[in-house]
Amino acid sequence: MFSLCKSKKTSNSTEGRADDCKNTQPKVQEPSSTTAEEEPSVRTEEVEPTEEPTEPISLKDVKFNEWLDENLCNKGSEKITPAERGVGEWTEIRLFLSSTFIDTQAERDKLIKVVIPEINRKMAPHFIRVIPVDLRWGVLAEETKSCCDIQKTCLNQIDNCRLNVKQTPWFLGLRTERYGWVQGEMMASEGFEKPEFYDWIDKLRKTDKTVSITSLEVCHATRTPKKLPPYPTVFFYKRHFSEEAKTRMEEDKFNWVFEFEYTDTEIQDPDLKHQYTLISNAEDYKRDKESLDEFLKDKNHVLFADYSADYINGHAYYTAKRENAKSFGVGYAAGLDDFAKKVEEDLLAAIKMNFAEKDVDNIDPYVFDTIQHENAVKLKASTFVGRHKMMKDALAHVTGTDSDTTLILHGEPGCGKSGLLAAVSQQAMELRSGKKHFVFIHAVDSCPGSNLLEKFLRRLHVNLRAFRRAAGENKVNAAPPASMTDLKQEHHSFIEETGNTYPKCKFIIIVDAVNQFNESNRAWDMWWLMRKTCPKNVRFMISTLNEENNTFANAKTSCPSAETLEVTSMSKEDLVEMVSTNLARYNKKLTTYDDRLLGNQMDILLTKSSSPLFLIAASEALRKFGIFEKVSEYIKSLPNTITELFSFLVDEWCVEYGKMFTEDVCGLIALSKDGLLENQVNDILAFKEEREKGGSGFLYESSFSRIYDSLSSFLAAGGGGYLRFFHDQLKYTIRDKFLDSEFTKQTHELMEDFFMSVIRPQLCPKPETKTPDYYAHVLNQVVFHQIQASQGCSLEGVKETLRNIYFVRERVIAGQQNILNDDYLHAIATATDPEDVRALKLWAKFVQLYSPNIKESPDFAHNMALNQAPSSVVHQDTALLQAPAKSNGYPLIWDNIPEADDPMSVKITSAGVDCVASTVKRDVIIVATGDSAMIFDQSSGETLHKLLVTAYSVCLTPDEERLLVGDQRGLVHCFDVDSGALVWTSEDLMNGCVVWIGFDGEGNVLAGTGHHQKTICWDNHNESDVIMKLNGITPETSLKFSCDEPAWHYTFNKASGKMASTHKGHVAIWDIEKGEKLFQEEDEGGSGCIYCIDTHPTDSVIISGNSELKVTEWQIEEDHLVLLRQIELPCLSGWAYGGVWSCRYSGDEGKFIYCTEPHSQSIKIYGQGVNNKVGELKGHPECVNCINIVPGTTNEIISCDRGKISVLWQLPQKEEDIDACKQEFDEVVLWSGFSPDNAHFVTATSKVVRLWDTPSQKVVKSVDFPGYYGTRGYFHGDGSYLFISSKMNVTVYSFPDLEELADYQVLKTDDGSMRHFTVAQDGSHFLAAECRNMDSDSSCAFVWNCADPLAATEKFIKSDYGGRLFASDISHDSTRGLIGGHGGSRVISMTNGDTLVSVPDHGFMFVAFVPGSYEFVVDGGSAFYRYEESGDLSASFFGHQGSINDGCFRLGFSSGKDGSEDGKDESEDQIITCSSDGTVRIWDLDSAEVLYTFFNHRSQNMKMVDVNSAGDMVLAPNSNGMLYILTT
């Protein structure tokens, strides 16, 4: 190397070295701990010359700047366009910092600790980061043995700061009064890594010119390349001190630190004489320095600026003080805020101008998320070293197919799991070349939302679908299911299907830090990992801590055969490499040999701890440490444990950023619910500052961007998402240092107050204030802090959140209903006031029941809450809030609402044949649907798992950890409740459908077979069924025997130790130990099938229900059953498949009996005694299949129906309160309508017609009437007559006397029934629609003349429709009729029945003419359509979720209450419809827009709807036995 250097005749008696560059023993600046005789061994600036310097050889008659112009500037340079970058591709700018050292400590600290962190935070969304190259320390002794070596090190580093070899580097020079270490010899161009850049230095060598290393750095950076960037990347800032500052330096006798260090006149002051270098050509050096500054000012491709600085007494000090010899020290300038601001502006401008901004707004968000996740692992992988065996094993797993599909990396905090996983991920990503394989990376907390399991699953499935569509599967939907429920249900099956479809492809799925997932959707249960049935080409790898959130244990439970790889300690070689790699990014190095003065710095560090986390934390502290002389001392001062190290670092932060600021920032992050975004932290700090200072001053002296630079390495995934401490040790340190009870309470209150300041403007009917981007996260966080701030006191704050309908609306709109449910549970568990608990439970119930409706119609959330029972706290809280302005005729208020709240607590959208609930603590409900077993959250109704098994019976084990499922083939399956993983399947086949599972008194599983259709089966259930006992809770059969006849249901009575089975006409009792029938007892309730049976919770008593609607209670004796009582259920229909489908004792020692039959779709409650009915539960829209109690409760039951839902009920504790939620009128109304004058309305049931007074809503008169399913009523003409239809007849009553005046048989055969009936507006005709049962195609429409109601006559029969008819209407002028049924709708002539218009696709249950025209509306499933007179479609109305049953019109309606801005009331044409979905909707007839929807959670099937002529009252009878009277 030395052969490349040219020796000078001058000495290197300048800043930085004590030796001539030719000296073979390097000497460097002493650390503060050295004595005068000791010599340090690493580079610094201040060195005492060892011999008298000789005169330098200067350029003759040429100024230095002129020579530079001639030799550094390329006259033909041209500017290039901004650099293009890939979307989400990180650009790392290495910014070389150049200056003399001892006088620019403050500037360098400002740049490294303030300016660059601030730039990095601002540019992070643009994927640009700046890394400072600061060589104050980190250049090792072996690199400073000669001038050539130091030139090679420094100038090569400048070349490494070029993003393109043909462009200028990113370089920032500080120009001060000092000159720097003059180089006694110069390296030839061949000695550098890129010799093509150093032609200028070869020319300079020929001149015998000596310059400082700082000047060489400046020259090399400003050499003009052929290609110039759009904006300068080389920056110079020249410092100027005021005269006052210089005076203060002189007072301190530290002016030598900041002044030009060479003099040609001997200094007389004994304190200063050794601090300047006496040399005859000092003026030449000074002139060259000034000439270089002139050169820089004159160049357009660099940016040159001046800045002012100050000096404060005491801001300079000695680092090594020596007597009668040169001492060493440093000085710190002050007043640098303007300097920092200017540099930040310049750098940001250069970055923005030199890099083309990529528009990410139009990038698919899933693609953008993938980029961020992969960037996160690439960053971690860049510092990963060693662990070659682990790396090999992990990589073999993800690329192989021999082992189990899942690999679990686990270990203690800080052991390096994430780094190992990142390194494996980076290599795995290379497999994607050619799109042959699928690789998916998810790094929790790498970007906002990445800690949510739902977002992870959605990303995964979107990417899998994209892979399959790219392979040509166009029928695969690009988007996964919209609801999390549906996504969960298809998660496993879709991945397995994908793997099986592409067996030659690898599907590698890697998830880092699963323990950091948010707990929502039971992420910690690890149910989402792969099942045993997953093909081996699907490879899963996760990383997790050993203990946190139990994710490691749960992962092993979910995947029992998964491989595990523990990440253990690293070798010393790996640790050295890891520390060196981390420091090298910032051009820092530690000595790795035994230096006689500094020692082996690496060994000193490693002897403190071998924990990777400790060493990373120590490296982070070291890379910001600026004083070289004290590095060894600093390392020695570090504690020896990670806990103590974090405490040490926090103390440093308190000094650097201020104690209050550090406390507040760390407290906010540590106490947040699940992390905070950076702009949230900034806004909270500003909120506190404004509140405490009121704009009159500053509370803090630092900024978050500064402290973030220190925190970022310890935040989850580098803080790319929500800022949370990645390691518990740091969180514990923060807790111990700052988080006493008072500070904790104040911090929670601060966050509560700030979050509410953001939320409060939205808690109104029509929010207008713009919300911040993090608004959804604020909604998610605030309740947590309200609860924490309460600290066991009254939860007053939640009245503004959990008890505020507008807050509920905001949460539902944000898609947070499941998290909101968790908030209610947390608040209920925390509340100490019983009234708070009661109120929160009622609100939680409301939210669960109404979240889907609020999501659909958020503008009417207030209306939904106000339409709860007046005694409900939901109604009472909402009545205190500002109500929305009334629109034109809506919203509707439930006028006749029952005073008491009803028992329905949770509604689950899953029907079933069997259901079971856990205790409230375990909080699950399981429903067997026949196709699957569904596990739901008991509190929220959220789907947890869908188990793909033909489930016909379900049972929880006593510890509630396992679920037993009986399938159609005769097998019993055992599943883990938390994960949904299959644990075992019974070894023995029972050859039948398992309809019941239970336990005997010894804890053994019992199971029995029966018919899979249960009750609807008497004609084809003729095979003998089987009872089986398993050995405990294992798949091993211990006993199996035949019942020798068909069976329906089973139970085990613990009090007697006997098992009972039900059969046709009798109950059999069994000895379960021997498998012997002990006896059987004939059913006293009849000879029909006994469908259901249950056992008393404490006594030797059972109940059974049969096909003849009787519930029988029996006492079990030794050899017979004793009849205790019999209950006969009322049933109105005589339905062929009627009977008691389910019966159950209550949990309070069997105080009540619950039972159900199919017609009423309700659950009847009987107390003690015979037929002592104490209540009825209504809300199921279909026949109830099963009832079960909630264990551990006395008043909670679960029920499932065969069509739509399962319901959790919470009954009142008092028997007399069970029916308090009913209306005074409790019958199923078939029809209701207003009189023409609105003074009365009429209702018709299957037994009676009632006349009601409208204002008082009291019955005026009742008459018996044989109503039928399709009963309808119409007022004739002026309202003197009332026509009501029954099955075949139309009866005419006087009105309002309700005296029967005439009765006409309209239909000709009893095979038919009148399903709809209409009277013309002028009373001239009526039209009846017939539905025939057996001869359906012969169904007719009947038209009668009825101008004289007492002498009506048949006009004609339309018999050519060709299908069943269900709907009818007559036009305004009575010339046209409209009929609808299975064959669509027809407009017919009322003269002869000819078909005028045919719409075959629409018009089934609802048809109607638009009043005053021949236009008409007809239904089509859950939609309806408007047609022109010609039959052309003009509008479509979508919104109902069920079939449309009826509708009525409000044309030209004006409520007189319009809320328009101009105060004018505008009329609207509206249509009001009702549906089997239980809703009433108001539509704009012209725009087809839904204006309003009335929801009620108990509403089952809205059968018809009528509005009075004033338009301010609506009648809507419902299948649940309620007549909803709704007013405007």
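Each remark here, short or long, concerns the structure printed above.
Treat the numbers as computed from the prediction; the structure is a model and nothing was measured.

1. Digging into the pairing of strand β71 (residues 1490-1494)
- In terms of burial, β71 is largely enclosed, as 4 of its 5 residues are buried.
- Counting the residues in the hairpin turn of strand β70 (residues 1480-1484) and β71 gives 5 residues, including A1488, whose phi is positive at 65°.

2. Observations concerning the nonpolar core
- Ranked by internal contacts, the top residues of the largest apolar core, which has 141 residues, are L605 and F846.
- Excluding anything up to four places from it in sequence, F846 contacts I805, S851, I854, M864, A865, Q868 and V874.
- Residues C73, C154, F197 and Y262 belong to the second largest nonpolar core, which totals 46 residues.

3. A word on the environment of K588
- Among the structural elements, K588 can be located in the loop between α16 (572-584) and α17 (601-606).
- Classification of K588 by relative accessible area gives buried; the value is 2%.
- Polar side-chain contacts of K588 include one of 2.9 Å to the backbone oxygen of D134.

4. What about the pattern of salt bridges?
- All told, the structure shown has 75 salt bridges when counted by the stated rule.
- The residue K766 makes a salt bridge to D859 at a minimum N-O spacing of 3.4 Å. Here K766 is found in the loop between α25 (741-759) and α26 (775-790), whereas its partner D859 is found in the loop between α29 (834-856) and α30 (861-866), with 93 residues between them in sequence.
- Exposure remark for K766: the relative accessible area of 56% places this residue in the exposed category.
- The salt bridge involving K1308 is made with E1354; its shortest N-O contact spans 2.8 Å. Taken together, the residues span a long stretch of sequence, with K1308 in the loop between β55 (1300-1305) and β56 (1312-1319) and E1354 in strand β59 (residues 1353-1358) at a distance of 46 residues.
- The exposure class of E1354 is partly exposed, given its relative accessible area of 33%.

5. Let's talk about the packing of aromatic side chains
- Counted by the stated rule, this structure contains 63 aromatic pairs.
- The interplanar angle of 45° and the centroid separation of 6.5 Å between the aromatic rings of Y179 and F260 together place this pair among those described as tilted. You can see Y179 sitting in the loop between β5 (171-175) and β6 (185-187) and its partner F260 sitting in the loop between α7 (255-258) and β9 (262-263), a full 81 residues away along the chain. Across this residue pair, the class does not change: Y179 and F260 are buried.
- Between W653 and F714 the ring centres are 6.3 Å apart and the planes differ by 40°, which places this aromatic pair in the tilted class. Of the two residues, W653 is situated in helix α20 (residues 642-657) and F714 in the loop between α23 (704-711) and α24 (728-738); the sequence distance between them amounts to 61 residues.
- Accessibility expressed as a relative area gives 4% for W653, which makes it buried.
- F714 sits in the buried class, given a relative accessible area of 2%.
- Taken together, F438, F440, F456, F467, Y502, F507, F517, W528 and F540 form an aromatic cluster joined through their ring pairs.
- Over the ring of F197 we find R162, and its NZ or CZ is 4.6 Å from the ring centre.
- Between the NZ or CZ atom of R1376 and the centre of the ring of Y1414, over which it lies, the distance is 4.0 Å.

Thresholds applied
- Note that residues are indexed from 1 along each chain, following the sequence as it is written.
- Only residues with pLDDT of at least 70 get local features here, since the model is predicted, and only at 80 or more are side-chain atom pairs given and counted; chain-wide, interface and lining totals rely on the full set of residues.
- Side-chain metrics rest on all non-hydrogen atoms present in the structure, leaving aside hydrogens and water.
- When accessible area is computed with a 1.4 Å probe and restricted to protein chains, residues below 20% of their type maximum are described as buried, those above 50% as exposed, and intermediate ones as partly exposed.
- Only runs of H or I of at least four residues qualify as helices and only runs of E of at least two qualify as strands under DSSP, and these elements are numbered from the N terminus.
- Any two strands with at least two DSSP-identified bridges between them are counted as paired.
- For this analysis, a nonpolar core means a set of buried residues of the types Ala, Val, Leu, Ile, Met, Phe, Trp, Tyr and Cys, connected via side-chain atoms within 4.5 Å.
- By definition, residues are in contact when any of their heavy atoms lie within 4.5 Å.
- N or O atoms closer than or at 3.5 Å make up a polar contact, with two conditions inside protein: a donor-capable atom paired with an acceptor-capable one, and, for residues adjacent in sequence, both atoms drawn from side chains.
- By definition here, a salt bridge exists when the distance from a side-chain nitrogen of Lys or Arg to a carboxyl oxygen of Asp or Glu is within 4 Å.
- To pair, rings of Phe, Tyr and Trp, with the six-membered ring standing in for Trp, must have centres within 6.5 Å; the planes then decide the type, stacked if under 30 degrees apart, edge-to-face if over 60, and tilted in the middle.
- Look at NZ for Lys and CZ for Arg. If either is within 6 Å of the ring centre and within 35 degrees of the ring normal, a charge sits over the ring.

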